Amino acid sequence: MDYNKIIDSTYSWFSFSKAIWFLLFFWLALPVLFLVPIAFEQGLFYYGFSWALQGLYVITYISILLGLFLLTGFVLNNNNIKSKEISISVFLDIIFLVFCEFFYTFFWNINKKFRFTQILLLFGSGLLGYYSLFVQSQFIFISFIIFVVCYTFFVLYNFLRVSFSLTLFLHNDFSIIESIFESWHLTHNKALQIFFGYLFNLVTVFVIFVVVSIILGAIANLLLVNYLTIALSYKLAMVLAVIFAFAPALVSYYFGFMEMYLQLINQHLSNKKIKNMLADKVVQTNKIVVTKKVKKSKPIKKSVKKIIKKKSSNKKSIKK
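Residues numbered from 1 in each chain as written. Predicted model: local features only at pLDDT ≥ 70, side-chain atom pairs only at ≥ 80, totals over all residues. Heavy atoms only, no water.

**Q** Can you explain the overall build of the protein? Please cite residues and give values.
**A** Along the protein, the regular secondary structure elements total 10 helices and zero strands. Moving toward the C terminus, one meets the helices and strands of the protein in the order α-α-α-α-α-α-α-α-α-α. Within the span of the protein, comprising 320 residues, buried residues form 33% of the whole. Sequence separation of 24 or more characterises 76% of the internal contacts of the protein that already satisfy a separation of 6 or more. Carbon together with sulfur atoms contributes 72% to the accessible area of the protein, which is approximately 21400 Å² in total. (Helix = DSSP H or I, 4+ residues; strand = E, 2+ residues; numbered from the N terminus. Buried < 20%, exposed > 50% of the residue type's maximum accessible area, 1.4 Å probe, protein only. Contact = heavy atoms within 4.5 Å. Areas by Shrake-Rupley, 256 points an atom, 1.4 Å probe, with all protein chains shown as cover.)

**Q** I'd like a description of the environment of Leu166, backed by residues and values.
**A** Among the structural elements, Leu166 can be located in helix H7 (residues 165-171). Setting aside anything within four residues of it in sequence, one finds Leu166 in contact with Phe69, Ile94, Leu97 and Glu101.

**Q** Quick one: what's the story with helix H8 (residues 176-186), residue by residue and with numbers?
**A** Residues of H8 that are buried: Ile176, Ser179, Ile180, Ser183, Trp184 and Leu186. Burial along H8 is one-sided: seen end-on, the buried residues are contained in an arc of 165 degrees. (Arc of directions from axis to C-beta.)

**Q** Let's hear about helix H4 (residues 88-106): which residues, and what values?
**A** Its 19 residues place the ends of H4 27 Å apart at the C-alpha level, agreeing with the 27 Å of an ideal helix rising 1.5 Å per residue. Three or more residues of H4 are buried, namely Val90, Phe91, Ile94, Leu97, Cys100, Glu101, Tyr104 and Thr105. (Expected span 1.5 Å × (residues − 1).)

**Q** Any chance you could break down the packing of helix H5 (residues 112-134) against helix H6 (residues 138-162) for me, citing the residues and the numbers?
**A** Axis angle and axis distance: for two packed helices, these are the angle between their axes and the distance between the axes, and together they describe the pair. Between H5 and H6, the shortest axis-to-axis distance is 8 Å and the interhelical angle comes to 140 degrees. With respect to H6, the axis of H5 lies oblique. Note on packing geometry: the crossing formed by H5 with H6 is left-handed. Counted together, Phe114, Thr117, Gln118, Leu120, Leu121, Leu122, Gly124, Ser125, Leu128, Gly129, Tyr131 and Ser132 of H5 and Ile140, Ser143, Phe144, Phe147, Val148, Cys150, Tyr151, Phe154 and Asn158 of H6 form the full contact between these two elements. (Axes fitted to C-alpha atoms, helices over the stretch in contact; angles between N-to-C directions. Parallel < 35°, antiparallel > 145°, perpendicular 65-115°, else oblique. Left-handed = near helix turned anticlockwise from the far one by under 90°.)

**Q** Quick rundown of the nonpolar core? Include the residues and the values.
**A** The biggest cluster of nonpolar side chains holds 43 residues, and the ones touching the most others in it are Phe164, Ile194 and Tyr261. Elements with a minimum of two residues in this core: helix H3 (50-78), H4, H6, H7, H8, helix H9 (191-224) and helix H10 (230-319). Examining the composition of this core, we find that 12 residues originate from one element, H10, more than from any other. The residues contacting Tyr261, other than those within four sequence positions of it, are Leu76, Phe164, Thr167, Leu168, His171, Asn172 and Leu186. (Core = buried A, V, L, I, M, F, W, Y, C linked by side-chain atoms within 4.5 Å.)

**Q** Hey, could you go over the packing of helix H1 (residues 3-12) against H9 for me, with residue numbers and the actual values?
**A** For the pair H1 and H9, interaxial distance at closest approach is 9 Å and the crossing angle is 35 degrees. Pair H1 / H9 crosses with right-handed handedness. Between H1, through Tyr3, Ile6, Ile7, Thr10 and Tyr11, and H9, the contact on the second element is made entirely by Gln193, Phe196, Gly197, Phe200, Asn201, Thr204, Val205 and Ile208. Looking at the contact of H1 with H9 residue by residue, the classes come out as eight nonpolar, five polar and no charged. (Nonpolar A, V, L, I, M, F, W, Y, C, P; charged D, E, K, R; others polar.)

**Q** A description of the side chain of Arg115 should follow, citing residues and the corresponding values.
**A** Looking at the secondary structure, you find Arg115 in helix H5. Here Arg115 is buried and forms no salt bridge, its nearest opposite-charge partner Glu182 lying at an N-O distance of 16 Å. Separated by 2.8 Å, the side chain of Arg115 and the backbone oxygen of Asn109 make a polar contact. Apart from residues no more than four positions distant in its own chain, Arg115 is found in contact with Trp108, Asn109 and Ile110. (Lys, Arg positive; Asp, Glu negative; His and termini not counted. Salt bridge = Lys/Arg side-chain N within 4 Å of Asp/Glu carboxyl O. Polar contact = N/O pair within 3.5 Å; in protein donor to acceptor, adjacent residues only side chain to side chain.)

**Q** A description of the packing of aromatic side chains should follow, citing residues and the corresponding values.
**A** On inspection of all chains with the given rule, the structure shows 20 aromatic pairs. With 6.5 Å between their ring centres and 10 degrees between their planes, Phe103 and Trp108 make a pair best called stacked. Judged by relative accessible area, Trp108 falls into the partly exposed class, the value being 35%. Ring centres 6.0 Å apart and planes at 90 degrees place the aromatic pair Tyr157 and Trp184 in the edge-to-face group. Of this pair, Tyr157 sits in helix H6 while Trp184 sits in helix H8; the two residues are 27 residues apart in sequence, bridging distant segments of the chain. What makes Tyr157 partly exposed here is its relative accessible area of 25%. Among the aromatic residues, those joined into a cluster by ring pairs are Phe102, Phe103, Tyr104, Phe106, Phe107, Trp108 and Phe181. Positioned above the aromatic ring of Trp184 is the side chain of Arg161, whose terminal nitrogen or guanidinium carbon lies 4.0 Å from the ring centre. (Phe/Tyr/Trp six-rings, centres within 6.5 Å; stacked < 30°, edge-to-face > 60°. Lys NZ or Arg CZ within 6 Å of the ring centre and 35° of its normal.)

**Q** A description of the confidence of the model for the protein should follow, citing residues and the corresponding values.
**A** For the protein, mean pLDDT is 79; residues scoring 70 or higher make up 74% of the total. For the protein, helix H2 (residues 19-41) is the element with the lowest average pLDDT, namely 65, and H6 is the one with the highest, namely 93. Taken as a whole, residues 315-320 scores under 50 in pLDDT and shows zero contacts with residues more than four places along the chain or in a different chain. (pLDDT = per-residue confidence, 0-100.)

**Q** For the side chain of Ser183, give the residues involved together with the corresponding values.
**A** Along the chain, the position of Ser183 falls in helix H8. From its side chain, Ser183 meets the backbone nitrogen of Phe164 in a polar contact 3.3 Å long.

**Q** Lay out the environment of Asp93 in plain terms, naming residues and giving numbers.
**A** Turning to its location among the elements, Asp93 is positioned in helix H4. As for Asp93 and Phe169, which are separated by 76 residues in sequence, their C-alpha atoms are 9.5 Å apart. Not counting the four nearest positions on each side in its chain, Asp93 is found in contact with Phe169 and Ile176.

Structure follows, in structure tokens:
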């Protein structure tokens, strides 16, 4: 896997003019998503209007999910790859697909060899955690830590294997379950490469997030310091900067993720071509061997026929 291309793709989207619409969408939606729950906890809204604000919060949450799915399709189209149009049925299928990914990641390992072990670690972690609340035992505590670490390893491995199922669902005509199993097949023997791909992608996105936050925070602080105290303007500027810097970081992550997906697809297609070429060569060699055997067997049959004819002619001469 080419990690340099993954790093480059995280900030290559700056040149795309259509990406600004996603930034505007997230800049409008994310403040509502972050600030509305805080306002509910502090009781800033009148009780009679709470149902309307809760409905707005649910609509905003659904809109963000829809925006993420549209962003995935946009990144696919940007790489000259056709994707499904987002309709109500496709949107519901995608939500169900996310729950299926959650199930196969945390509960049901696709690999049958490790399925029982993962289930055992899951229930063992729960039981040991429950006992550790009432019984102070070093053995139970150490066992709990070991079970949690091993279970986390399985969860991380499953996530790396099924994380491309949504992209495969939008890219191809696969069903929900077929997309998950195709992602598992696509990432066969590539879990370590995908892990480092995610690592480089997240580190680069974090750098972009910090840089954008510092720039936006400095600009907001210069504007707010004229109306507020220095300490209050700095805190408010940093909060706003972090919220608004989350959108470009999210877009950067999706572009880096799509580069990983394209590299996996290209590797899969190249391996498939090599296997087909090797299979064709094997078939051709088998044909050559068969034809040689057939050619060698023909003169033997002729010689046998000649011997039989000679014997029959000798018998006729003796009889005469």
